[in-house]
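Overview (structure and organization)
Listed here are the chains, written in short residue letters.
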Amino acid sequence: MSETPLTEELDAMMWVHGEVRAGRALPVLEVDVIATSLFSELRRATLTSLPRATLAGESEYLAAHAVNVTILSMVLAEQVQLDEAAVRRVGVAALLHDIGMALLPDALIEKAGQFTTQERELVKRHPADGARLILAADGLLDLAAIVAYEHHLKTDASGYPALRYRRPTHYVSRLVQLCDIYHALRSPRPFRPAWPAEIVSSFLSERAGFEFHPVLVAALTAMMRRYETRGEWAD
Amino acid sequence: MERDEFQDYSLRPDLGGGVGADGLWCELAAAAQHPLEMPDGKALAEWVHGRGPAAEATAWPIARTLYGSVRTLETAPADAMARLSEFLGHLDLPILTAALRTAHRIPDRPARHRVCANRLSVRALLRLFQASWNAADRQPTPPLKQLVPKLARESVRVRADSEDGGRTRAEGLFRDVVAGALDVLPLGSGAAPASPASLAPPRRGSGGRAEVGAERVVQTALETGAIGRTVSAAVEESIDAGRTTQLLDLLRSAPEQNAAAALIRTRVATLAALARLLAEDPVDFETVDVVVAGLGIAAAKALIEATAESTSRVTRRGAFERLVRLGPDIAPLIEPRLLDSRWFVVRNMIALLREARAAADVASVGRFTTHPDARVRREALLLLLGHAETRDHAICEALKDADRHVLRVGLQAARGGLPDAAVPTLTRRLTSGEFPPEFRVLALHLLGRTPSTLALDALLHFVQAGHSLVGRPKLAPKSAEMLAALSSLARRWPRERRAAPLLAAAAKSRDAQVREASRGLAEVGPSQ
């Protein structure tokens, strides 16, 4: 793992979440700058290590998750041969994939136990809330809005939100979804410890073709085998 | 800066383009009132600083020269750019800020900034970025304060470390970010920031698998109720690509009370779109309904056009029904169509006025009661019958009409009350024999309800067939008309001096129907 802690980007993302929580418009310029900075950091990555934000406390989880999913997503996008402009767009989309979660109470995000039915329903609103925030922003952020909206939809039509208009999930939504799940499972949470890398890879591989895009699963698991040689993605 | 001064300047064709990079530099030096024609960048900056309180007076000439020379900057040789970068990189921030503050009226600044972002040195560009925020009287947000200098540092570091394309790429990222940040700043104007156009991701078509179809954006917007620049752009893109019908299809399934649906409706629900839909055969009326809902009363024009002009009866009927649903407000749009020379158009327009319960100008419709085509007359009378103030007149007109359909309308209406003014016409026509036989019974019953002696005469006309040899009134041969008239006499005139003997004679008749009629029991059949 790189020694780069990405603290500036982490701070910046926390600031973005603060803006959203305060009911202000999504700061598009800043989001773009954060994604660009992360892309720039990736240029410094070596073949065996990736930059990663480390969190000082549970309150930073959401921002750290956004930053780290962005790193993973951009690397995976490069792995599957997206061009540079597309990789940067994937970065912005990944950075904002959970922006709707910023509207949830901290206590819910940091909750140690299982969600109640009511809490689960509240959490399930974050894709639509996120898409609304992004679409209302003063920028042409179509991909980011789509990814925020679709990143909990599965290949087999399970997941959420329920779609009024049936359509296949966007390729980049599926790409970010995998990185989202990968990072979430590899991170310790108040309600469970981090999963080991090989278990996460097995989890994804078992569901490839059913819940997840098989080619992307193969690309991500191969990619992470390279970067996880020292178990670096566990906090 | 005075506005006039700016306007004079803006009319100059190309300040720098004609004089080249060296010419630009001379102009800059002259603007700064430097004694040398070609001082180096740092020297020129120091010269400006040395002018003390007068330094800020050079701000506008510097800004004007810089911004006005963008085309020169685009093609200027590297050494000229290095000199300019050095100048900007060394210029005191307050002076550069003052220069940028004067520049807020310069048109097309974003394009000029992009040229600057492409060609100035990293240091000069960072300086320009800082001065721009100051000039806009805004504080850069914490992410910008931290990350823009970080990107600049990264550019410089990679420049030192890398021989390959890494330098170009790192600088490119920094320059992109600064160009975007400069675009959103309202330099000196104090207005809200402009849209960060340069921050927009590459438009559709350039991203391959990262490409997002406009339809997906619209679907997402409809599902979330979101609106915004991205949604508007997707809607416009769909319209430009001729996919209005697909948008309308999406709207058909859209949730009600949805901001995105309302936005899309305002864009796609146009008269032109409605006209296109109505010109199809067959017409997709479900989609038409979406457009009509969006247009409201404005849809009437196209619907009236279809009602009048379509060769398809189904289309005419569909358009007609939707006009009726639009209600009485359609009246002013219909009235010009009443001048149409084609009878069926006029008839349909009058029918529309009637069914939409439009408060039509009665006088304008009244003239159609004498239209050469009975179908128009009938429709006009039906409309007039619906208004209390014109009802009696309409019945009178209808009862005069030779057309059976029109006459039937008048008689049916008169069952609710025969106007006194209609009695002379009705009695005259009945007694002269020109009245259609199938309506005579009904007409006689109607006459039986009025106190008019004209009506009495007419009834007697059908009941009495002269006198017997001894001078008694003689009953006419039994007929439907005779029975109807007899019954009417029994009900209305039982003791009238001419009616009473006839009723008495009828009461003694061997014919049961005649006896019943003499007691006023004959009824008007359902067919009448």
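Structural notes, computed from the coordinates.

Quick notes on the rules
Residues numbered from 1 in each chain as written. Chains lettered and ligands numbered in written order. Predicted model: local features only at pLDDT ≥ 70, side-chain atom pairs only at ≥ 80, totals over all residues. Helix = DSSP H or I, 4+ residues; strand = E, 2+ residues; numbered from the N terminus. Contact = placed C-beta atoms within 7 Å. Rg over C-alpha atoms; globule rule 2.2 N^0.38 Å. Buried ≥ 20, exposed ≤ 12 C-beta atoms within 10 Å, placed from the backbone. Nonpolar A, V, L, I, M, F, W, Y, C, P; charged D, E, K, R; others polar. Core = buried A, V, L, I, M, F, W, Y, C linked by C-beta atoms within 7 Å.

Quick word on the overall build of chain B
- If you tally the helices and strands in chain B, you get 31 helices and two strands.
- Considering only intrachain contacts with a sequence separation of at least 6, the fraction spanning at least 24 residues in chain B is 64%.

Concerning the overall build of chain A
- What chain A contains, in helices and strands, is eleven helices and zero strands.
- Each helix and strand of chain A, placed in order from N terminus to C terminus, yields the pattern α-α-α-α-α-α-α-α-α-α-α.
- Rg of the C-alpha trace for chain A: 16 Å, near the compact-globule value of 18 Å for 235 residues, within the 12% margin.
- Counting only C-alpha atoms, chain A reaches 40 × 35 × 35 Å along its principal axes.
- The burial tally for chain A puts 51% of its 235 residues in the buried class.

A short note on the interface of chain B and chain A
- Each partner contributes to the interface: chain B provides 50 residues, whereas chain A provides 45 residues.
- For the side of chain B that touches chain A, the elements supplying multiple residues, two or more each, are α10 (142-161), α11 (166-183), α12 (214-224) and α13 (229-240) of chain B.
- Looking at which element gives the most residues to the side of chain B that touches chain A, the answer is α10 of chain B, with nine residues.
- In terms of residue class, the side of chain B that touches chain A is built from 27 nonpolar, 15 polar and eight charged.

Side note on the nonpolar core
- The biggest cluster of nonpolar side chains holds 224 residues, and the ones touching the most others in it are V90 and I134 of chain A together with V291 and L459 of chain B.
- Per element, the largest residue contribution to this core is 13 residues, and it comes from helix α3 (residues 61-79) of chain A.
- Discounting chain neighbours no more than four positions away, the residues touching L459 of chain B are L444, L447, G448, A485, S488 and L489 of chain B.

Structural notes on helix α17 (residues 285-295) of chain B
Residue and element names in this part refer to chain B.
- Considered for burial, the residues of α17 that qualify are T287, V288, V290, V291, V292, G294 and L295.
- Turning to α17, the residues buried within the fold contact α14 (244-252), α15 (259-268), α16 (271-279) and α19 (313-326).
- Looking one or two residues beyond α17, the residue adopting positive phi is G296, at roughly 65°.

Observations regarding the environment of P188 of chain A
All names here are of chain A.
- In this fold, P188 is placed in the loop between α9 (171-186) and α10 (197-207).
- In this structure P188 comes out as partly exposed when scored by C-beta crowding, with 14 C-beta atoms within 10 Å.
- When the C-alpha atoms of P188 and V28 are compared, they prove to be 30 Å apart, with 160 residues separating the residues in sequence.

Topic: unusual backbone geometry
- With omega at 0°, the peptide bond leading from Y160 of chain A into P161 of chain A counts as cis.
- Mapped onto the secondary structure, P161 of chain A falls in the loop between α8 (142-150) and α9.
- Across the junction of D281 of chain B and P282 of chain B, the peptide omega takes the value 5°, indicating a cis bond.
- Locating P282 of chain B in the fold gives a position in the loop between α16 and α17.
- For Q81 of chain A, which is not a glycine, the phi torsion comes out positive at approximately 70°.
- Mapping Q81 of chain A onto the fold places it in the loop between α3 and α4 (84-95).
- On the basis of neighbour counts, which here come to 11 C-beta atoms within 10 Å, the residue Q81 of chain A falls in the exposed class.
- The phi dihedral of Q257 of chain B falls on the positive side, at around 55°, and the residue is not glycine.
- Position of Q257 of chain B relative to the elements: it lies in the loop between α14 and α15.
- For Q257 of chain B, a count of 8 C-beta atoms within 10 Å translates into the label exposed.

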